[in-house]
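This is what each chain is made of:
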Amino acid sequence: MKNLLYSLLLIGFSAACSSTSFDPNKAAFVTLLGNDTLAVEQFEKNGNEINAKVILRSPQTTFSSYNLILDETGGIQQMTRTNFPLEEGFSGNGTVVQTVEKDGDSLKVQMETSNGSRNFTTAHAPGVLPFIDMVHWPFEIAFNHAVEAGADSTSQMLLSGNNVSNFVIAAIEGDSMTIRHPFRGVMGVRVNSAGDIMHLDAALTTRKLKVNRVPSIDIEKVGENFANSDKSGNPFGALSGAETAEFSFNDTNFKVEYGVPYKRGRELFGGIVPWGERWRTGANRATHFYTSSDLRIGDLDVPAGEYTLFTIPEPDGGTLIINKQTGQNGQSYDEERDLGRVPMEISAQEEETEAFTITVENSGSGGILKLIWGDTIFSTEFEIE
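To start, this report covers the structure provided alongside it. (Residues numbered from 1 in each chain as written. Predicted model: local features only at pLDDT ≥ 70, side-chain atom pairs only at ≥ 80, totals over all residues. Heavy atoms only, no water.)

1. Quick notes on unusual backbone geometry
Let me state the cut-off plainly: For the purposes of this entry, the term helix denotes a DSSP run of H or I that reaches at least four residues, the term strand denotes a run of E that reaches at least two, and both are numbered from the N terminus.
Backbone torsion omega between Ser58 and Pro59 reads -5 degrees, so that peptide bond is classified as cis. Following the sequence through the fold, Pro59 ends up in the loop between β3 (49-56) and β4 (62-70). In this model, Lys208 sits at a positive phi of 55 degrees, which is unusual for a non-glycine residue. One can find Lys208 in the loop between β14 (197-201) and β15 (210-214).

2. Thoughts on the packing of aromatic side chains
For clarity, the threshold we go by: Pairing of aromatic rings covers Phe, Tyr and the six-membered ring of Trp, with a centre-to-centre limit of 6.5 Å; geometry is then stacked below 30 degrees between planes, edge-to-face above 60, and tilted otherwise. Relative accessibility thresholds used throughout: buried, under 20% of the residue-type maximum; exposed, over 50%; partly exposed, between the two (1.4 Å probe, protein chains only). Placement of a charge over a ring requires the Lys NZ or Arg CZ to be within 6 Å of the ring centre, with the centre-to-atom vector within 35 degrees of the ring normal.
For the structure on display, the rule yields 19 aromatic pairs. Their ring planes at 70 degrees and their centres at 5.8 Å tell us that Phe356 and Trp373 sit as a pair that is edge-to-face. Remark: Trp373 occurs in strand β25 (residues 366-384) and Phe356 occurs in strand β24 (residues 345-363); sequence separation between them is 17 residues. The exposure classification of Phe356 matches that of Trp373, with both residues buried. In textbook terms, an aromatic cluster arises when at least three aromatic residues are bridged by ring pairs, as seen for Tyr258, Phe269, Trp275, Trp279, Phe356, Trp373 and Phe378. Across the ring face of Phe90, the terminal group of Lys53 is positioned such that the distance to the ring centre comes to 5.2 Å.

3. Examining the sheet that holds strand β19 (residues 295-297)
Using the following cut-off: A pair of strands is treated as paired once DSSP finds two or more bridges between them. The angle between two axes is taken between their N-to-C directions and runs from 0 to 180 degrees, where each axis is a line fitted to C-alpha atoms and a helix contributes only its stretch in contact.
Strand order in the open sheet formed by four strands is β20-β19-β25-β24, with antiparallel pairing between adjacent strands. Every interior strand has two partners, whereas the edge strands, β20 (300-302) and β24, have only one. When strand polarity is set aside, the average angle formed by the axes of neighbouring strands in this sheet is 30 degrees. In this sheet, β25 lies alongside β24 in antiparallel orientation, the contact comprising twelve bridges. Paired with Ile346 across the two strands is Phe378, which belongs to β25.

4. Observations regarding the sheet that holds strand β23 (residues 338-343)
On the basis of which strands lie adjacent, the open sheet formed by six strands has the order β16-β17-β18-β21-β22-β23 and antiparallel pairing. Edge positions in the open sheet fall to β16 (241-249) and β23, since each of these has one partner strand only. Neighbour-to-neighbour, the strand axes of the sheet open up by a mean angle of 25 degrees, direction not taken into account. Taken together, the seven bridges between strand β21 (residues 305-314) and strand β22 (residues 317-323) define a ladder with antiparallel strand orientation. Paired with Phe310 across the strands is Ile321, a residue of β22.

Rendered as structure tokens:
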């Protein structure tokens, strides 16, 4: 399955390098997370109407189609999302799960959830487009608008849930542009003269996806392969699950709570985790560390209690940051609330650890905090007071 998608991607990417080699109004996107295919999208633009089919694999495979009609401002006049059963894909009977309709200066939204129908109204903004997590065809419409506007920077309003948020699009030089997610970071985009997306790189965001345009894809066949993988008990899974690990030794209890990113064939330290920059040390929520006893980590006294951990990885080890703030997202960091910083050691292991792992191990009268990912281990020894 993976080789099939790589072949489609390579063939399509070669064609996509020339803006004249494909129909600009009909194309597909392949979204990769590391070496794994996360999503495929097939879309067609016809005047003020866009139709798209999307297969998203996380946490399980879903089949969705979208029909979007734009108003005179280039924003949502009406949108319908339809989901299809895993067993039949797009050939099955679809169920409408979301409708969005412009009504004066408002957008009326109806969504079907596991708890029943949900209806709400939010303010309409000129040119507003839908934001669909891990889906990128609406971004192409946004870049088409930005190129048409001809400004160095434009504000693109996107409807996400019941909120309308501002995504800033900037022209860099040549065919390079960026779009800034309000809280995930900046994505670099290569476009053609019309603003059609050739390649999108989200390496600087928390998602770190890469998206490539291909002229077309056999979305039915790809969907069948993904569905078979799910039905055989091998779904893609969550992008970054949550882990709670507890350890007890020397009359002391430890607990670590952290988000778990996966390697997925990517270069880790010095790659998606840059050297010399503060890292949330996991994914999503800030990494939380609890000790029932006072500790001495390096030259730092750590009273019993709960803390958050951040790190600054370096090729020679780097720094472990112990912060007194708790409950926050991993992107939220207040240096003024640091308890202190201590050095880490770095070592290599022969095996590859696919899922980022934190352990607290017994070592004589104290212990070792280990951060393990890929073939790299960062460690810090401590004493129990």
